[in-house]
Each structure stands twice: as structure tokens, then as C-alpha cells.
Amino acid sequence: MKCIDCKEEYEEQPIYRCEKCNGLLEIEFKLSADDFDIKKARKRRFNLWRYKELIPAKKIVSLNEGGTPLYECKNLSEELKVKLFVKNEGANPTGSFKDRGMTVGVSKAIEFGKNITTCASTGNTSASLAAYSARGNLKCIVMIPSGKIAYGKLAQALIFGAKVIAIDGNFDKALETVFKISKNENIYLLNSINPYRLEGQKTIAYEIFDELNHTPDRIILPVGNAGNISAIWKGFKEFYELGIIDKKPKMTGIQADGAKPIVNMFKNKKEYVPEKNPETIATAIRIGNPVSWKKAINAIYESDGYAESVTDEEILNAQRLLARKEGIFVEPASAASIAGLIKLINEGIIDKNEEIVCITTGNGLKDPNVVADLYKNEIIYVKEEDVENLIKNM
Ligand code: F0G
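Residues numbered from 1 in each chain as written. Predicted model: local features only at pLDDT ≥ 70, side-chain atom pairs only at ≥ 80, totals over all residues.

The local shell around the ligand holds 22 residues, among which Ser121, Gly224, Asn225, Thr361 and Gly362 are the closest. Elements with a minimum of two residues in the shell around the ligand: α4 (124-135), α9 (227-241) and α13 (332-346). Counting residues domain by domain, the shell around the ligand receives three or more from each of domain 2 (70-95 + 197-374) and domain 3 (98-193). (Near = placed C-beta within 6 Å. Helix = DSSP H or I, 4+ residues; strand = E, 2+ residues; numbered from the N terminus. Domains from an automatic or database assignment.)

Let us now look at the pairing of strand β7 (residues 163-167). In this sheet, β7 lies alongside strand β6 (residues 139-145) in parallel orientation, the contact comprising 5 bridges. Bridge pairing links Val142 to Val164 in β7. Traced from β6 through helix α5 (residues 151-159) to β7, the parallel crossover comes out right-handed. (Pairing = 2+ DSSP bridges. Right-handed = clockwise from strand over helix to strand, strands pointing away.)

On to the environment of Val86. Locating Val86 in the fold gives a position in strand β4 (residues 83-88). What makes Val86 buried here is the crowd of 26 C-beta atoms within 10 Å. Here the alpha-carbon distance between Val86 and Gly288, two residues 202 residues apart in the chain, equals 27 Å. Ignoring anything within four residues of it in the chain, the contact list for Val86 reads Tyr71, Cys73, Glu326, Ile328, Cys358 and Thr360. (Buried ≥ 20, exposed ≤ 12 C-beta atoms within 10 Å, placed from the backbone. Contact = placed C-beta atoms within 7 Å.)

This next bit is on helix α8 (residues 203-212). Among all positions in α8, only Thr203, Ile204, Ala205, Tyr206, Glu207 and Ile208 are buried. On the buried face of α8, the contacting elements are β3 (70-72), β4, α3 (98-111), α7 (195-201), α9 and β12 (355-360). In the segment just after α8, Asn213 is the residue with positive phi, at about 70°.

Okay, the sheet that holds β12 next. Read across the open sheet, the 6 strands follow the order β3-β4-β12-β9-β10-β11; overall the sheet is mixed. The sheet terminates laterally at β3 and β11 (306-310), the two strands that pair on one side only. The sheet shows a mean angle of 25° between the axes of neighbouring strands, direction not considered. Both strand β9 (residues 218-222) and strand β10 (residues 250-256) contribute to a ladder of 5 bridges, which runs parallel. Within β10, the residue paired with Ile219 across the bridge is Met251. Its contacts with the sheet put helix α11 (residues 293-302) on β10 and β11, and the angle it makes with β10 is roughly 135°. (Axes fitted to C-alpha atoms, helices over the stretch in contact; angles between N-to-C directions.)

Right, let's talk about the packing of helix α10 (residues 261-268) against α11 for a bit. In a packed pair of helices, the relevant descriptors are the angle between the two axes and the axis-to-axis distance. Close contact between α10 and α11 brings their axes to 11 Å; oriented N to C, the two are set at 45°. Comparing the axis directions of α10 and α11 gives the class oblique. Here α10 and α11 pass one another in a crossing that is right-handed. Contacts between α10 and α11 involve Pro261, Ile262, Met265 and Phe266 on the former and, on the latter, Trp293, Ala296, Ile297 and Ile300. Considered class by class, the residues forming the contact of α10 with α11 number 8 nonpolar, no polar and no charged. (Parallel < 35°, antiparallel > 145°, perpendicular 65-115°, else oblique. Left-handed = near helix turned anticlockwise from the far one by under 90°. Nonpolar A, V, L, I, M, F, W, Y, C, P; charged D, E, K, R; others polar.)

Taken in spatial order, the 4 strands make up an open sheet running β7-β6-β5-β8, and their pairing is parallel. Every other strand in the sheet has two partners, leaving β7 and β8 (187-189) as the edge strands with one partner each. Direction aside, neighbouring strands of the sheet carry axes that sit 20° apart on average. Alignment of strand β5 (residues 116-120) against β8, held across 3 bridges, turns out to be parallel. In the sheet register, Ile116 faces β8, and the bridge partner there is Ile187.

Structure representation (C-alpha cells):
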């Protein structure tokens, strides 16, 4: 483990920040082409553990995560005049990319001899941690912002048997609280500040190359606590260092207008300032003080990428567009990547004909209420005897 600021190195151990300067930690590999043979890996089953030589954990707790579909979106590509693929992380076991982090993180909890896991969450992290903890026979405590998580995610945390603590405050407050309780030595903190989580999530990059056989021009994804953009960038950098790819993509992060500290920093070339009262319909990314902001901004600058924000209306329009043009149903936060793509095309930041992979991070069924409310007027109520007539006139 290495501090991204002061570069202090640590042996593998359950710590979350640099003990010297409080910086974020990263797992560093001394990589050589002899350690990993992509041809050999490709003969294995298509899931995250295909890349086991590059993952610093033993596969102890798994639900067959990763190996998610990369859809070529012909209808939207034609409409938007770019070459669009969607990597649908909603196809993971608990319906979000968090499962990639949790198979590694919960395996690590067991390796470190912990018996309780914890996290703060806007929903998906808690659903995933609860599932993997159940499978690993660990107790799990999740801290959520009261009333501000989608119903499907809450249902998952509950059915998987986690102790669900709803706090009066937002995600940022919940994260502060779990930091305090994770000082207890039986407890392992599995928010994305935990660098092992990112070691699982970086495989999104590996898989994109694995399926396309080349690197796309750009990756677009929603940014909340800023772990995933950092993880995916790390994955591409590692494949580059291993000589597997000869080009890296532009990392493009999308936040909601009401929760955009990283976009503010990027666009105004200013110091990082947290957002005190984050607000958006995309509750998954309703985060004002993303813990990994520094890693995320590094990823954006190093990759010559971009950061943009979108309104709730743009998010909901993009959610409908992706569903109706491509048959892919994603939760609002995930639709932010498509909304961001459209905005950046209109602003001229994205060139026509660019090859783009949008990461859709969570399944639409996680948040049914948003859709049920918005589209309830589309239901046609008729008496049985009137159905035939109605269809004739359609
Ligand atoms: N998309 C979805 C569906 C998410 O659940 C999250 C984060 C993100 C995007 C943003 O990813 O935090 O790595 O930048 N959800 C967290 C949670 C915060 O608690 O489930 P990030």
C-alpha cells in the first residue's frame, strides 16, 4: 500500500489512510509482463477473477461478479453520431458495480481476521456489502441517510440481514460516523476509501479491453464518492504498463448539478470545496464531499479527460432514451453518464465519431418509484370489452 501524497509505503494491513499525512492509499504492483498472460486469462470464465494475478486477494467470497455485457448501441450511435457502447454494471449479482469491490473487500476482511463489516451508503454499497457479508458469514452494519435511499436497495440490505442504521443526515454525515465506528478492531470498513475495493472495480477497464480488443477513445461514468473513476483509470494504466494496450482513454466524470464539487474544481480551476447540501433525484450520487476526490481529479487530468454536471431533468430524459432506444433500464445515477454524453456532444467537447463507453453503474429496478411516478399516466385503463376497439385505433 502506498500513500498517493507522501508516497509512504505500508505492508498489507487493514488501514484506510496514510498514518503519516492522512492521504489516500493505493495498492501498488510491481508489474511485469511475465506475471500476467492475457491469452491465458481469456481462456478462463468471463468474470472478474479471470484476472486473478492482478487482484491482491484470494477468491474467498464470490457470487460470480463481473463479466458484465458491453452492448453496442446502434440506435443511439446513429442518433448521436458517435460510436457508443454501454457497459452494463447493473448485470452484477446485486445489480451494481459495487459487487466487484465487495468480492475483493469482503475476502480481505476474512484474510485480516475481521468479523464485522461496515459502510456508509447511498444504497448500492450497502446492498452489495450485505450480500457478500452474508455469504462470507460476517456480521454487517450499514449506515444510510434516512429517507434518501432507493427502495430496492433498502430491501436488499434488509433481506441480506445487515443491521441497517438510518441516520438523520446525508451520506457525508453517515461516512463520518462509520469512520468513527471502524476504529473498533473487529470492524472492517468497506467504503471505497478502502483501496482493496478499487482493486476489484479496476477490472471494468480490463473487461472493456478484453471485449473490444482495443481501447475506446473515452469512458464516461457517474461520479459520487469518486472511487469508481479512480479504479477504472488504475485498470487502464496497469494494462498500459503491462504492454497489453498502447493507448489510454479519456476519463470523463459526470455529477449531478446539485452535487458537483469535482466538476466545480475542474471547470473553475479552483481548490476543492465540498458541497454542503447535495441534492439530486439520482440519490446514488447525492454526495457533497467525495472521499476520493483527489484520485478522481488526478484521473481526469492525467487522462486528458473532462468533468461535467447534468440536471435531474437531463438524467431522467437520458434514462428514458436508453430504455426506449436500446432496451437497457438503468437507475437515475447511471443515466447521468448518457445525459453527460449528450451534453458534451452539444457543447462540442466530444467529437463526432469518437468511440465511447458509458458505464451504467446500477440496475433500473433498484429505484422503481421514480419510474412508477413519472410514467403512471401512460397506463391505459379500459374495460375488457373496449380492448379490441382501442387496439384497432392505435
Ligand atoms: N452509480 C451508482 C449506481 C452508485 O451507486 C454510485 C455510488 C455511483 C454511481 C458513484 O460511484 O462513488 O465510486 O463515484 N454509490 C455509493 C453507494 C456511494 O453508497 O452505493 P463512486
